Amino acid sequence: MPFTIPKERWTAQVQTTTIGAPEADGGTRTSTVTVGGEQTLPFLHFEGETPNPPVIAIEVLDEAPTGWPEPLLKHYQEVLGDPAAWAQKAVAEFGADMICLRLVSANPDGTNASADDCAETIQSVLKAVGVPLIIWGCGDDDKDNEIMPFCSQAAAGERCVLGSATQDNYKTICASALADGHLIVNESPLDINIQKQVNILVTDMGMDLNDIIMYQITGALGYGVEYAYSILERTRLAALGGDKMLQMPMLSIVGSEAWRVKEAWQSEEEAPEWGPLDKRGIMWEVATASLFLHAGTDILVMWHPEAVARLHDLIAELIASPQA
Amino acid sequence: MALTAMDIYKNLPKTNCGDCGVPTCLAFAMKLAQKQASLDECPHITEEAKEALSGSSAPPMKIITIGTGEKALKIGGETVLFRHEETFHHPCGIAIQVNSNLPEDELRQQISTICETEFDRVGMTFRLDLVALVDNDGNLPAAAAVAQQVSSLPLILVSDDPQAVRAALEVCAEDRPLICAADADNFAEMTGLAQEFSCPLAIRGETLEQLYELSEKALEAGVADLILDSSACDSSSVLQDQTTIRRAAIKEKVKPLGFPTIGIAIGDDEIDKVTSGCELIAKYAGIVVTDLLTRDTLLPLITARLNIYTDPQKPIQVESGVYEVGEPDAKSPVLITTNFSLTYYTVEADVSAGHLDAWIVVVDTEGTSVLTAWAAEDFTPEIIAKTIKECGIEDKVDHRIGVLPGGVAVLSGDLEEASGWQIVVGPRESSGIPAFFKPEYTQRIG
């Protein structure tokens with residue numbers, strides 16, 4: 001009996017979405033990013049097309065973080081506190097396909113920056129780089145609802161991605177995105193049914209299916225990576241199986257998750273059983289990101305330049321046809 | 001068509017004799033239905049019943065044992081393509097390469113280090129699984145003799161040369177090493193050795209088609225315990241080959257591919273090898289071979305394996321009690337959480353991330369998260385108060401202030417009454433812990 005490769009016949013594909021608007025489309029971006037369109041499980045070229053490789057956004061914080069470990073700090077030290085310079089470095093030196101700007105300064109428990117301050121930051125970052133932007137609030141629902149309309153307006157026409165809409169808090173961000181021509185990230189807590197529900201809620205408000213990115217929470221290697229891994233796999237299977245409300249491209253936040261865990265930052269003196277520190281955090285971020293890639297994510301939000309470079313190489317290798 | 005446990009049960013003796021190792025015939029039928037047991041384990045099964053059931057009861061991927069006795073490693077026996085469909089059953093073996101032409105004392109040293117390497121995680125200890133002796137200038141037999149004395153782990157004999165493998169097997173065959181590998185050139189000799197010495201055999205094909213043909217031939221020749229190697233050496237090929245083999249085995253019941261696979265974590269440097277190892281772990285390898293030796297590089301692989309092979313239906317739990325993070329003393333804060341391991345370890349990681357010294361009181365909620373446990377009434381003021389009283393925290397601190405997860409703030413009043421402690425409502429998300437315990441914390445609870 002001769003051997004034939006068993007193939008699945010999928011009935012649908014992941015939706016294709018373009019982020020960023022060039023001048024011709026009313027924006028100022030010098031490059032755009034297109035994700036999605038996969039016709040099969042991740043990188044199974046014998047079975048279907050993967051027309052758009054996954055992309056990497058480098059995360060930029062709008063104020064200097066505290067407590068970053070040396071292996072991470074040394075690459076960003078001179079740009080911390082200057083989001084425009086940070087974004088510029090991330091694109092020019094580290095090859096970011098996108099910037100994910102996180103407005104931590106807005107947090108009422110911290111600096112409590114105003115909506116105007118945030119809008120100004122966004123404009124400075126838009127000026128500094130030509131790649132598309134993901135703009136993410138501070139995580140406090142009330143404050144994010146206060147700043148997001150101004151942030152959205154500051155980037156009107158640029159087709160940015162605004163984050164994030166949740167089951168309990170989606171109206172303001174959704175209305176802002178609709179008004180100013182942006183996309184949104186719909187977030188759910190590792191729950192495919194809630195994800196679907198948020199997607200339905202925002203489309204009921206008039207959001208186009210093509211303007212939605214899904215984010216179902218991420219866990220780092222050793223800290224729940226398997227939950228996110230399986231949710232990504234299940235969502236991709238649902239998309240290929242024809243569920244229109246789960247066919248949007250998926251995003252995974254890796255950098256902040258991976259570097260938060262002590263394996264990534266605890267010194268060898270504190271944790272001798274884990275070996276030298278210099279590469280441990282990079283490996284943690286790389287391992288976490290690579291697992292999400294195999295599970296089907298489309299956008300990786302990352303921190304360390306070395307980890308970013310490794311993932312770019314891995315994506316290139318996986319997107320290529322198998323070598324004979 | 002898969003049979004249900006009831007279909008299978010009808011064909012069993014229904015005597016509940018327990019000779020199969022399971023107390024009742026129904027329980028045995030359930031294990032058969034999940035393909036976690038083999039029909040041969042029932043000594044009283046009739047021939048007719050066997051015929052009726054054998055097609056559906058044989059696991060689509062054979063379980064292969066390498067090594068013997070307590071050292072033995074069991075791999076394979078997988079039943080699904082995606083872990084959420086059921087679970088992955090037998091964690092892949094991590095094999096460390098050792099060059100057989102090392103000087104004897106270095107060889108001893110290296111094998112001992114591999115055997116002694118262990119990592120503690122979520123309250124369990126994890127080790128490496130195999131020592132892969134790589135033949136070099138015919139040094140395999142001498143190295144096998146050393147390894148047989150020193151190694152507490154099963155061996156893989158890596159060589160294309162049947163002469164070297166024969167000489168090594170003469171030394172260590174009783175320990176049931178894996179012979180690695182038979183290919184198109186040495187096929188007859190290697191399958192002969194596997195039979196003569198009753199050892200499992202890895203089959204290597206240059207392509208999937210060749211691997212299939214060689215495996216079919218090995219089965220015809222009577223070698224029953226196989227491991228498959230498709231020679232893939234870039235990420236894209238590894239993914240394609242591993243997926244194809246697993247699909248063929250599980251969905252199409254292709255017998256020659258119904259065995260665990262072996263793959264090498266390849267790369268130009270340590271980080272690339274870790275990346276490659278993660279791919280093999282996630283994408284179905286039965287054995288991952290690597291020359292990585294340092295703890296910082298092995299830790300991500302061991303952790304990735306633990307995560308991917310965690311049963312999605314059975315959350316890992318930590319024991320109820322008091323845990324220390326950092327170096328807490330009688331004045332350090334006390335945090336309260338549940339015993340779902342992910343919940344506990346997230347809290348622990350966030351306390352560590354804030355460089356705090358603290359006590360964590362873990363309440364047994366049968367492995368559910370804070371909000372789930374609260375909804376299921378497993379995280380009530382009475383249950384929490386009982387844990388506070390019984391876990392010994394009152395002997396460890398001289399204050400009586402506990403921090404409750406913000407998501408269940410509603411419990412704080414009743415908990416104060418039930419426990420006699422002052423209850424402070426903490427952040428909703430564990431990630432808020434470092435900020436919550438900024439210096440003002442002391443004044444806030446003042």
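Criteria and thresholds
- Residues numbered from 1 in each chain as written.
- Chains lettered and ligands numbered in written order.
- Predicted model: local features only at pLDDT ≥ 70, side-chain atom pairs only at ≥ 80, totals over all residues.
- Heavy atoms only, no water.
- Helix = DSSP H or I, 4+ residues; strand = E, 2+ residues; numbered from the N terminus.
- Rg over C-alpha atoms; globule rule 2.2 N^0.38 Å.
- Buried < 20%, exposed > 50% of the residue type's maximum accessible area, 1.4 Å probe, protein only.
- Areas by Shrake-Rupley, 256 points an atom, 1.4 Å probe, with all protein chains shown as cover.
- Lys, Arg positive; Asp, Glu negative; His and termini not counted.
- Charge placed at Lys NZ, Arg CZ, Asp CG, Glu CD.
- 1 Å grid on protein atoms, 1.4 Å probe; cavity = no way out; pocket = protein on both sides within 12 Å on 5 of 7 lines; lining within 4 Å.
- Points joined across faces, edges and corners; volume = space filled by probe spheres on them.
- Nonpolar A, V, L, I, M, F, W, Y, C, P; charged D, E, K, R; others polar.
- Domains from an automatic or database assignment.
- Contact = heavy atoms within 4.5 Å.
- Buried area = accessible area lost by both parts, 1.4 Å probe.
- Salt bridge = Lys/Arg side-chain N within 4 Å of Asp/Glu carboxyl O.
- Polar contact = N/O pair within 3.5 Å; in protein donor to acceptor, adjacent residues only side chain to side chain.
- Patch = residues over 30% accessible without salt bridge, like charges linked within 9 Å, V, L, I, M, F, W, Y side chains within 5 Å.
- Axes fitted to C-alpha atoms, helices over the stretch in contact; angles between N-to-C directions.
- Parallel < 35°, antiparallel > 145°, perpendicular 65-115°, else oblique.
- Left-handed = near helix turned anticlockwise from the far one by under 90°.
- Pairing = 2+ DSSP bridges.
- Core = buried A, V, L, I, M, F, W, Y, C linked by side-chain atoms within 4.5 Å.
- Phe/Tyr/Trp six-rings, centres within 6.5 Å; stacked < 30°, edge-to-face > 60°.

**Student:** I'm lost on the overall build of chain A in this one. Help?
**Tutor:** Counting its secondary structure elements, chain A contains eleven helices and ten strands. Taking 324 residues into account, the globule formula puts the C-alpha radius of gyration at 20 Å, and chain A, at 19 Å, falls close to it. Over its C-alpha atoms, taken along the principal directions, chain A stretches across nearly 70 × 55 × 35 Å. Here chain A holds 324 residues, and the buried ones make up 62% of them. When the accessible surface of chain A is split by element, carbon and sulfur atoms take 47% of a total near 11700 Å². Between the averaged position of the 19 positive side-chain charges in chain A and that of its 46 negative side-chain charges there is a distance of 5 Å.

**Student:** Even after reading the chapter, I still don't get the layout of surface pockets, so can you show me in this structure?
**Tutor:** One way to see where empty space is left: roll a probe the size of a water molecule over the atoms. Estimated volume of the second largest pocket: approximately 590 Å³. Lining the second largest pocket are 26 residues, and of these Lys262 and Trp274 of chain A together with Glu324, Glu348 and Ser352 of chain B sit closest to its centre. Broken down by secondary-structure element, the contributors of at least two residues to the lining of the second largest pocket are α9 (262-265) of chain A together with β4 (118-121), β13 (321-325) and α12 (341-353) of chain B. Broken down by element, the lining of the second largest pocket gets its largest block of residues, four residues, from α12 of chain B. A class-by-class count of the residues in the lining of the second largest pocket yields ten nonpolar, seven polar and nine charged. Shared between two domains, the lining of the second largest pocket holds at least three residues of each, these being domain 2 (63-308) and domain 3 (321-445) of chain B.

**Student:** Honestly, the interface of chain A and chain B in this entry has me stumped. Any pointers?
**Tutor:** Note on interface size: it is often stated as the accessible area lost on association of the parts. Contacts between the two partners involve 55 residues from chain A and, on the opposite side, 56 residues from chain B. The junction of chain A with chain B conceals about 5100 Å² of combined surface from both sides, 61% of it contributed by carbon and sulfur atoms. Where chain A touches chain B, the interface holds eight salt bridges. Its salt-bridge partner being Arg310 of chain A, residue Asp269 of chain B comes within 2.6 Å of it at the nearest N-O pair. Along the contact surface separating chain A from chain B lie 15 residue pairs in polar contact (both at pLDDT 80 or more). For the side of chain A that touches chain B, the secondary-structure elements that each account for two or more residues are α7 (225-240), α9, α10 (280-295) and α11 (305-319) of chain A. Take the side of chain A that touches chain B: its biggest share by element is nine residues, from α10 of chain A.

**Student:** Explain the pattern of salt bridges here, please?
**Tutor:** A side chain of one charge can pair with a side chain of the opposite charge if their charged atoms are brought near each other. Scanning all chains against the criterion turns up 32 salt bridges over all chains. The partner of Glu118 of chain B in a salt bridge is Arg127 of chain B, and the shortest N-O contact between them spans 3.0 Å. A relative accessible area of 32% places Glu118 of chain B in the partly exposed class. According to the relative accessible area criterion, Arg127 of chain B is partly exposed, its value standing at 42%. Within the structure, one salt-bridge network assembled from shared partners comprises Glu306 and Arg310 of chain A together with Asp269 and Asp272 of chain B.

**Student:** It is not clear to me how a negative patch on the surface should be interpreted in this structure. Could you clarify?
**Tutor:** Residues and elements named next belong to chain A. A cluster of acidic side chains, namely Asp141, Asp142, Glu146 and Asp168, defines a negative patch on the protein surface. Inspection of the secondary structure puts Asp141 in helix α4 (residues 141-154). Taking the relative accessible area as the measure of exposure, Asp141 reaches 39% and is therefore partly exposed.

**Student:** Is there a simple way to explain the packing of α10 of chain A against helix α11 (residues 295-308) of chain B in this structure?
**Tutor:** In a pair of packed helices, the angle between the axes and the distance between the axes together describe the arrangement. Axis separation between α10 of chain A and α11 of chain B bottoms out at 10 Å; the angle between their running directions is 30°. By the criterion of interaxial angle, the relationship of α10 of chain A to α11 of chain B is roughly parallel. The chirality of how α10 of chain A crosses α11 of chain B is right-handed. Counted together, Arg280, Met283, Trp284, Ala287 and Leu291 of chain A of α10 of chain A and Asp296, Thr297, Leu299, Pro300, Thr303, Ala304 and Ile308 of chain B of α11 of chain B form the full contact between these two elements. For the contact of α10 of chain A with α11 of chain B, a count of residues per class yields eight nonpolar, two polar and two charged.

**Student:** Would you mind showing me how to read the sheet that holds strand β16 (residues 401-404) of chain B here?
**Tutor:** Neighbouring strands of a sheet are bound in pairs by backbone hydrogen bonds; such pairs are parallel or else antiparallel. Residue and element names in this part refer to chain B. If you walk across this open sheet you meet the five strands as β13-β15-β14-β16-β17, and the pairing is mixed. Among the strands making up the open sheet, the edge pair consists of β13 and β17 (422-425). Neighbour to neighbour, the strand axes of the sheet diverge by 35° on average, direction disregarded. Two elements, strand β14 (residues 334-338) and strand β15 (residues 358-363), share five bridges in a ladder whose sense is parallel. Directly across from Leu335, in β15, lies its bridge partner Ile360.

**Student:** What should I look at first to understand the nonpolar core in this one?
**Tutor:** Nonpolar side chains tend toward joint burial in soluble globular proteins. Core analysis: the largest hydrophobic core is formed by 204 residues, its most contacted members being Ile99 of chain A together with Leu133 and Ile287 of chain B. The element best represented in this core is α10 of chain A, accounting for ten residues. Viewed by domain, this core spans two of them, domain 2 (63-308) and domain 3 (321-445) of chain B, each represented by three or more residues. Aside from chain neighbours lying at most four places away, what touches Leu133 of chain B is Val98, Ile111, Leu140, Ala143, Ala144, Ala147, Leu155, Ile156, Leu157 and Val158 of chain B.

**Student:** Sorry, what's going on with unusual backbone geometry here?
**Tutor:** Most peptide bonds take the trans form, and the phi angle of most residues other than glycine is negative. Along the chain, Gly163 of chain A connects to Ser164 of chain A via a cis peptide bond; the corresponding omega equals -5°. For Ser164 of chain A, the location among the structural elements is in strand β6 (residues 161-165). Positive phi is not limited to glycine here, since Asn16 of chain B has a value of about 50°. Its location among the elements puts Asn16 of chain B in the loop between α1 (5-11) and α2 (25-33). Backbone geometry at Glu377 of chain B places phi at a positive 60°, although glycine is not the residue there.

**Student:** Would you mind showing me how to read the domain arrangement of chain B here?
**Tutor:** Partitioning chain B into structural domains gives domain 1 (5-57), domain 2 (63-308) and domain 3 (321-445). Measuring from the centre of the C-alpha atoms in domain 1 of chain B to the corresponding centre in domain 3 of chain B gives 48 Å.

**Student:** Would you explain the packing of aromatic side chains in this entry?
**Tutor:** To describe a pair of aromatic rings, you give the distance between the ring centres and the angle between the ring planes. Per the counting criterion, the structure on display carries 13 aromatic pairs over all chains. Geometrically, the ring pair formed by Phe3 of chain A and Tyr212 of chain B is stacked, given 5.2 Å between the ring centres and 25° between the ring planes. Residue Phe3 of chain A is located in the segment before β1 (17-19), and its partner Tyr212 of chain B is located in helix α8 (residues 208-220); the two belong to separate chains. When the ring of Tyr76 of chain A is compared with that of Phe94 of chain A, the centres are 5.6 Å apart and the planes differ by 85°; the resulting orientation is edge-to-face. With Tyr76 of chain A in helix α1 (residues 70-76) and Phe94 of chain A in the loop between α2 (83-92) and β4 (98-102), this residue pair connects regions lying 18 residues apart in the sequence. Classification of Tyr76 of chain A as buried rests on a relative accessible area of 1%.

**Student:** Any chance you could explain the side chain of Gln15 of chain A here in plain terms?
**Tutor:** All names here are of chain A. Relative to the elements of secondary structure, Gln15 occurs in the segment before β1. Only 2.5 Å separates the side chain of Gln15 from the backbone oxygen of Leu209, close enough to count as a polar contact. Setting aside residues no more than four positions away along its own chain, Gln15 makes contact with Val35, Gly36, Gly37, Leu209, Asn210, Ile212, Gln247, Met248 and Pro249.

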